[in-house]
Amino acid sequence: MVLNSTTLKECLSNASRIKVDESLGPKTTLRVGGHADLFLQPASRDDLIAALRWSRMHGVPVTMLGRGSNLLILDGGIRGLVISLSDRFFSRIEVQDERLTCGAGARLKQLAETSRMAGLSGLEFLEGIPGCVGGALHMNAGAMQQWTFDRVEKITTMDREGDLHVWKGSEVEVHYRSCPLLREHIAIEAVFLGTQSNPSVIRKTMDNYSRRRRLSQPVASSAGCMFKNPDHISAGKLIDELGLKGTRVGEAMISELHGNFIVNLGGAVAADVVSLIKLVQERVMSAHQIELEVEVQVVGE
Ligand SMILES: Cc1cc2nc3c(=O)[nH]c(=O)nc-3n(C[C@H](O)[C@H](O)[C@H](O)COP(=O)(O)OP(=O)(O)OC[C@H]3O[C@@H](n4cnc5c(N)ncnc54)[C@H](O)[C@@H]3O)c2cc1C
């Protein structure tokens, strides 16, 4: 698709950044994938609204990018407009009493740390998840038997026409690693509810969680767990029991440390990762008649 960025630029303030043919691999933790036709970091809600209206008017597809820690972007890249809410405007965190109001671009680590400093517990589990609030809401990210939406009091979303909506967290339909609303809407802001506690107790919990991660997860580039856990068994255990740890396709390898992580040894391309995913799915299907579902969001062409 040949896109004219000039007409988009004309709709936006100078503070918003637009790039043409932007490489996306370095913007993901797996570090594979092609280019975006257009990449935008809006600097205000008005600019985001203008970009969404421009994309509708010109029939340009829009893809949201968070911290890219749960994405497998294919080698052909993403057609249309990729939007990142990483500008400061969308990354604020404000604390009032037991509530933390966070922009969708705020990092989860920052949210967990701010919550600790304010003496609010309940968000410690977010400390080691390398995403931002928008991505965590979309995925209903979870760890240590806790889920993002457990602590969401309210979220503000924007639909593809640029209109804002506010939802009570308890009213939003969520599942294991999914929030159907956010496949259509864009998360703009969320209010998280903490529980008053002692910052040093919170620190201990966070340290404990991060120690557990260090022992069980590889440090090499990855997108976290590649597959959703089927009912009653972990995908990592299934993969491990089939002796697949260490299996390679090109520069993509099933981690020796954690069977559910596919790591990039340095020069992997998305096609390597896709082949490895298929290999694992076929082996698990033929051994156990279980269809492993990919957790990581595969986007692009
Ligand atoms: C080392 C490692 C450890 C991990 N550990 C965990 C873990 O313990 N638990 C867990 O659940 N996950 C884990 N993950 C996966 C990942 O970090 C989480 O799913 C995280 O929430 C994704 O956030 P992100 O900002 O990176 O989103 P991205 O990967 O950028 O995007 C994920 C999805 O969210 C959408 N999206 C992004 N922003 C918005 C928005 N503003 N509005 C609507 N949709 C949006 C994207 O389009 C995409 O579909 C891990 C990943 C790594 C690399």
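Scroll up to find the structure.
Let me sum up the structure you'll find in this document. The shown structure was predicted, so the numbers you read here are calculated from the model rather than taken from an experiment.

Moving on, we come to the sheet that holds strand β7 (residues 99-103). Across the sheet, 5 strands lie side by side as β6-β7-β13-β11-β12; this open sheet has antiparallel pairing. Whereas interior strands pair on both sides, the edge strands pair on one side only; in this sheet they are β6 (93-96) and β12 (164-168). For this sheet the average axis-to-axis angle between neighbouring strands, irrespective of direction, equals 15°. Relative to β12, strand β11 (residues 152-158) runs antiparallel, the two sharing 5 bridges.

Let us look at the site of the ligand. Of all residues adjacent to the ligand, which total 34 residues, the nearest are Met64, Gly66, Ser69, Asn70 and Gly142. Met64 places a main-chain nitrogen or oxygen 2.7 Å from an oxygen atom of the ligand. Arg67 has a polar backbone atom sitting 2.9 Å from an oxygen atom of the ligand. Relative to its unbound accessible area of 980 Å², the ligand is 92% covered by the protein chains. Of all the elements in the fold, those that place two or more residues in the shell around the ligand are β3 (62-65), α4 (133-139), β9 (142-143), β13 (186-193) and β15 (221-225). Top contributing element to the shell around the ligand by residue count: α4, with 5 residues. Grouping the amino acids of the shell around the ligand by side-chain chemistry returns 16 nonpolar, 15 polar and 3 charged.

Turning our eyes to something else, we now look at helix α6 (residues 199-216). End to end, α6 covers 26 Å across 18 residues, agreeing with the expected 26 Å (1.5 Å per residue, within 8%). Each element contacted by the buried residues of α6 is listed here: α3 (108-117), β8 (120-121), β9 and β10 (146-147). Measuring from the side-chain oxygen of the N-cap residue of α6 to the backbone nitrogen of Ser200 gives 2.8 Å; that N-cap residue is Asn198.

This paragraph deals with the packing of aromatic side chains. For any pair of aromatic rings, the description consists of the separation of the ring centres together with the inter-plane angle of the planes. This model, assessed by the stated rule, comprises 2 aromatic pairs. Centroid distance Phe89 to Phe90: 4.9 Å. Interplanar angle 85°. Geometry classified as edge-to-face. Assessed through its relative accessible area of 28%, Phe89 is described here as partly exposed. Here the guanidinium or amino end of Lys27 rests over the ring plane of Phe39, the centre of that ring lying 4.6 Å away.

This paragraph deals with the environment of Val191. Within the element layout of this structure, Val191 appears in strand β13. Taking the relative accessible area as the measure of exposure, Val191 reaches 8% and is therefore buried. Sequence spacing of Val191 and Glu98 is 93 residues, and the spatial spacing of their C-alpha atoms is 9.9 Å. For Val191, the contacting residues outside a window of four places in its chain are Arg99, Leu100, Thr101, Arg151, Val152, Glu153 and Lys154.

Positive phi, normally seen in glycine, also occurs at Asp21, with a value near 55°. Structurally, Asp21 can be placed in strand β1 (residues 17-23). The phi dihedral of Arg31 is positive, around 60°, even though this residue is not glycine. Looking at the secondary structure, you find Arg31 in the loop between β1 and β2 (35-41).

Reading guide: rules and limits
- Residues numbered from 1 in each chain as written.
- Predicted model: local features only at pLDDT ≥ 70, side-chain atom pairs only at ≥ 80, totals over all residues.
- Heavy atoms only, no water.
- Pairing = 2+ DSSP bridges.
- Helix = DSSP H or I, 4+ residues; strand = E, 2+ residues; numbered from the N terminus.
- Axes fitted to C-alpha atoms, helices over the stretch in contact; angles between N-to-C directions.
- Near = heavy atom within 4 Å.
- Polar contact = N/O pair within 3.5 Å; in protein donor to acceptor, adjacent residues only side chain to side chain.
- Areas by Shrake-Rupley, 256 points an atom, 1.4 Å probe, with all protein chains shown as cover.
- Nonpolar A, V, L, I, M, F, W, Y, C, P; charged D, E, K, R; others polar.
- Expected span 1.5 Å × (residues − 1).
- Contact = heavy atoms within 4.5 Å.
- Phe/Tyr/Trp six-rings, centres within 6.5 Å; stacked < 30°, edge-to-face > 60°.
- Buried < 20%, exposed > 50% of the residue type's maximum accessible area, 1.4 Å probe, protein only.
- Lys NZ or Arg CZ within 6 Å of the ring centre and 35° of its normal.

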